[in-house]
Amino acid sequence: AHKISIFRHNKNMNHHKNLKILFIEDSEDDIELIVRLLKKHNILPHLNRVDNSLDLKTALSENKFDLILADYSMPGFNGLEALELIKSQGIDVPFILLSGSVGEEIAVEAMRLGAQDYIMKGNLTRLIPAIERELKEYEIRMSRRQIQEILKEKEEQLKIAKIIQSGLFPQNSPILSSFDVGGMSYPAEETGGDYFDFISMLDNTLGLVVGDVS
């Protein structure tokens, strides 16, 4: 893989956005053109370039990227094959397909496979807005995924708490000659704040315990 690192020293560096970008591209000239466009819009790219499946696998295994920009047509490799390989590894990174002549059928297939956008190289004015949009969408997806993971963890914790709580309740009701005694708790959610128990006392009497957490 060809690795290109581009840095700019500027006292206003805080106003620039650093992005780690994977370029799936065989043309150095096209990369240079896009790099100039990115830098013009205060995006400082740190680039890795690949143009075949083997280098792509290596790059994905060794790096975490903020964005993937892929040419469609390369010798022995194309953007759709790259997209399928990326998705097969469960990698969720904004993927934008770039091409000099991509037809509608290819564009539709790219979107079906999971590309966020496709842009003609002859009309790169759409590239910066597309990048900014997809990075924001990516942040939203990651936030939602994090919330879902937290909720899932909480759900698992509640299930465990339910099992523990159900084990604290008496499993059998006492048998008395003069009374029928029983109890049951139906929590509104996974767990509840109620508690009851039957306790045999030392003087052969029965203690009934009923509690509420609040």
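First, a word on what this report is: a plain description of the structure on this page. (Residues numbered from 1 in each chain as written. Predicted model: local features only at pLDDT ≥ 70, side-chain atom pairs only at ≥ 80, totals over all residues. Heavy atoms only, no water.)

## Side note on the packing of helix α3 (residues 79-88) against helix α4 (residues 104-113)
Stage number 1. Two elements in contact, α3 and α4, have axes whose closest approach is 10 Å; the angle formed by their N-to-C orientations is 5°. Taken together, the axes of α3 and α4 lie roughly parallel to each other. Contacts between α3 and α4 involve L80, L83, E84 and K87 from the first element and I106, E109, A110 and L113 from the second.
Stage number 2. Across the contact of α3 with α4, the residue classes tally to five nonpolar, no polar and three charged. (Axes fitted to C-alpha atoms, helices over the stretch in contact; angles between N-to-C directions. Helix = DSSP H or I, 4+ residues; strand = E, 2+ residues; numbered from the N terminus. Parallel < 35°, antiparallel > 145°, perpendicular 65-115°, else oblique. Contact = heavy atoms within 4.5 Å. Nonpolar A, V, L, I, M, F, W, Y, C, P; charged D, E, K, R; others polar.)

## Overview of unusual backbone geometry
Stage number 1. The residue N42 is not glycine, and still its phi comes out positive at about 60°.
Stage number 2. Mapped onto the secondary structure, N42 falls in the loop between α1 (28-40) and β3 (43-50).
Stage number 3. On the basis of relative accessibility, which here comes to 36%, the residue N42 falls in the partly exposed class. (Buried < 20%, exposed > 50% of the residue type's maximum accessible area, 1.4 Å probe, protein only.)

## Focus: the side chain of E25
Stage number 1. Examined against the element boundaries, E25 turns out to sit in the loop between β2 (17-24) and α1.
Stage number 2. Within the local environment of E25, its side chain forms a polar contact with the backbone nitrogen of S27, the two atoms lying 3.0 Å apart.
Stage number 3. With residues near it in sequence (within four places) discarded, E25 still touches D30, I31, R49, V50, D51, D71, M74 and K121. (Polar contact = N/O pair within 3.5 Å; in protein donor to acceptor, adjacent residues only side chain to side chain.)

## Some thoughts on the packing of helix α2 (residues 53-62) against α3
If you want to describe how two helices pack, look at the angle between their axes and the distance between the axes.
Stage number 1. Taken N-terminus to C-terminus, the directions of α2 and α3 make an angle of 35°; their axes are 11 Å apart at the nearest point. For the pair α2 and α3, the sense of crossing is right-handed. Contact residues: α2 offers S53, L56, K57 and L60, while α3 offers A82, L85 and I86.
Stage number 2. For the contact of α2 with α3, the class distribution of residues is five nonpolar, one polar and one charged. (Left-handed = near helix turned anticlockwise from the far one by under 90°.)

## A few points about α3
Stage number 1. Every buried residue belonging to α3 is among G79, L80, A82, L83, L85 and I86, and all of these are buried.
Stage number 2. Between a side-chain oxygen at the N-terminus of α3 and the backbone nitrogen of L80 the separation is 2.9 Å; the capping residue is N78.
Stage number 3. Directly after α3, the chain includes G90, whose backbone phi takes a positive value near 70°.

## Observations regarding a nonpolar patch on the surface
Stage number 1. A contiguous nonpolar patch, built from I160, I164, L168, Y195, I199, M201 and V209 and spanning about 610 Å² of accessible area, is present on the exposed surface.
Stage number 2. With three residues, helix α5 (residues 127-168) is the single largest residue contributor to the nonpolar patch.
Stage number 3. Mapped onto the fold, I164 is located in helix α5. (Patch = residues over 30% accessible without salt bridge, like charges linked within 9 Å, V, L, I, M, F, W, Y side chains within 5 Å. Areas by Shrake-Rupley, 256 points an atom, 1.4 Å probe, with all protein chains shown as cover. Salt bridge = Lys/Arg side-chain N within 4 Å of Asp/Glu carboxyl O.)

## Description of the pairing of β2
Stage number 1. Bridging between β2 and β3 involves eight bridges; their strand directions are parallel. By the bridge assignment, I24 is partnered in β3 with V50.
Stage number 2. With α1 bridging β2 and the parallel β3, this β-α-β connection has right-handed handedness.
Stage number 3. Strand direction decides the pairing type here: β2 and strand β4 (residues 67-71), joined by four bridges, are parallel. If you follow L22 over to β4, its bridge partner there is I68. (Pairing = 2+ DSSP bridges. Right-handed = clockwise from strand over helix to strand, strands pointing away.)

## Quick notes on the pattern of salt bridges
Stage number 1. What the rule picks out here adds up to 13 salt bridges.
Stage number 2. R145 is the partner of D92 in a salt bridge, and the nearest nitrogen-oxygen pair spans 2.9 Å. Taken as a pair, D92 in the loop between α3 and β7 (95-99) and R145 in helix α5 lie far apart in primary sequence, 53 residues in all.
Stage number 3. The exposure class of D92 is buried, given its relative accessible area of 16%.
Stage number 4. Relative accessible area serves as the criterion here: at 37%, R145 is assigned to the partly exposed category.
Stage number 5. Here D117 and R133 are joined by a salt bridge, their closest N and O atoms 2.7 Å apart. Residue D117 is located in strand β8 (residues 117-120), and its partner R133 is located in helix α5; the two are separated by 16 residues in the primary sequence.
Stage number 6. Here R133 falls in the partly exposed class, since its relative accessible area comes to 36%.
Stage number 7. Among the ionic contacts, a cluster of salt bridges with common partners joins E25, D30, D71 and K121.

Any functional reading would require information beyond the geometric quantities listed.
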